[in-house]
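Examination of the molecular architecture
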Amino acid sequence: MQADAKAVHNRLRRIEGQVRGVQRMVDEDAYCVDVLTQIAAVQTALEQVAVHVLDAHVRGCVAGAVSEDGDQAAEKLDELMAAVRRFAKVR
C-alpha cells in the first residue's frame, strides 16, 4: 500500500472536496435530486477507493502471507473475507 498511498490520498482529497460541495449545496438549498446525485457520486468514489485499497491488500499482504506461512495464510484469508463481507455489506 505504501507505493499507492499518494494516489489514495489524492483521491480522498478529491472526495473531501465533493463532500464540501454537497454541504454547500445543502446550505444553498439546492434541488434535492441534485444533492442526491452528488451524494451518489461521493459514494461511488469512496467505493472505488475501497476497491483500490482492497486490491493492494490482496496483492501485498495476503499474497505475501499465503506464499510464506500456512498458519498466517489462513489468518490473512479470514481477515480478507471479513473485509470483503464488510465492503459488500454481506453479514
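Located above this text is the structure these notes cover.
Criteria and thresholds
- Residues numbered from 1 in each chain as written.
- Predicted model: local features only at pLDDT ≥ 70, side-chain atom pairs only at ≥ 80, totals over all residues.
- Heavy atoms only, no water.
- Helix = DSSP H or I, 4+ residues; strand = E, 2+ residues; numbered from the N terminus.
- Expected span 1.5 Å × (residues − 1).
- Buried < 20%, exposed > 50% of the residue type's maximum accessible area, 1.4 Å probe, protein only.
- Contact = heavy atoms within 4.5 Å.
- Axes fitted to C-alpha atoms, helices over the stretch in contact; angles between N-to-C directions.
- Parallel < 35°, antiparallel > 145°, perpendicular 65-115°, else oblique.
- Left-handed = near helix turned anticlockwise from the far one by under 90°.
- Nonpolar A, V, L, I, M, F, W, Y, C, P; charged D, E, K, R; others polar.
- Core = buried A, V, L, I, M, F, W, Y, C linked by side-chain atoms within 4.5 Å.

**Thoughts on helix α2 (residues 32-68)**
With 37 residues, α2 extends 53 Å between its outermost C-alpha atoms, agreeing within 8% with the 54 Å of an ideal straight helix rising 1.5 Å per residue. Every buried residue of α2 is accounted for by V35, V42, A45, V49, A56, H57, V62 and A65.

**Digging into helix α1 (residues 5-27)**
Its 23 residues place the ends of α1 33 Å apart at the C-alpha level, agreeing with the 33 Å of an ideal helix rising 1.5 Å per residue. Along α1, the residues that are buried comprise V8, I15, G21, V22 and M25. Of the surrounding secondary structure, the elements contacted by the buried residues of α1 are α2. At the C-terminal side of α1, D29 shows a positive phi close to 55°.

**Let's talk about the packing of α1 against α2**
Packing of α1 against α2 leaves a shortest axis separation of 10 Å and a crossing angle of 165°. In terms of orientation, α1 and α2 fall into the roughly antiparallel class. Helix-helix and strand crossings are classified by hand; for α1 and α2 the assignment is left-handed. Each of V8, R11, L12, I15, Q18, V19, V22, M25 and V26 in α1 lies in contact with α2, whose residues at this interface are D34, V35, Q38, I39, A41, V42, A45, L46, Q48, V49, H52 and V53. Considering only residue class, the contact of α1 with α2 consists of 15 nonpolar, four polar and two charged.

**Quick look at the nonpolar core**
Among the nonpolar cores identified, the biggest contains eight residues, and these are V8, I15, V22, M25, V35, V42, A45 and V49. Mapped onto this core, the elements with two or more residues apiece are α1 and α2.

**Side note on unusual backbone geometry**
You will see that D29, though not glycine, has its phi angle at about 55°, which is positive. Note that D29 resides in the loop between α1 and α2. When its relative accessible area of 68% is taken as the criterion, D29 is described as exposed.

**Focus: the environment of E68**
Among the secondary structure elements, E68 is positioned in helix α2. What makes E68 exposed here is its relative accessible area of 65%. Expressed as a C-alpha distance, the spacing of E68 and V84, which sit 16 residues apart in the sequence, is 22 Å.

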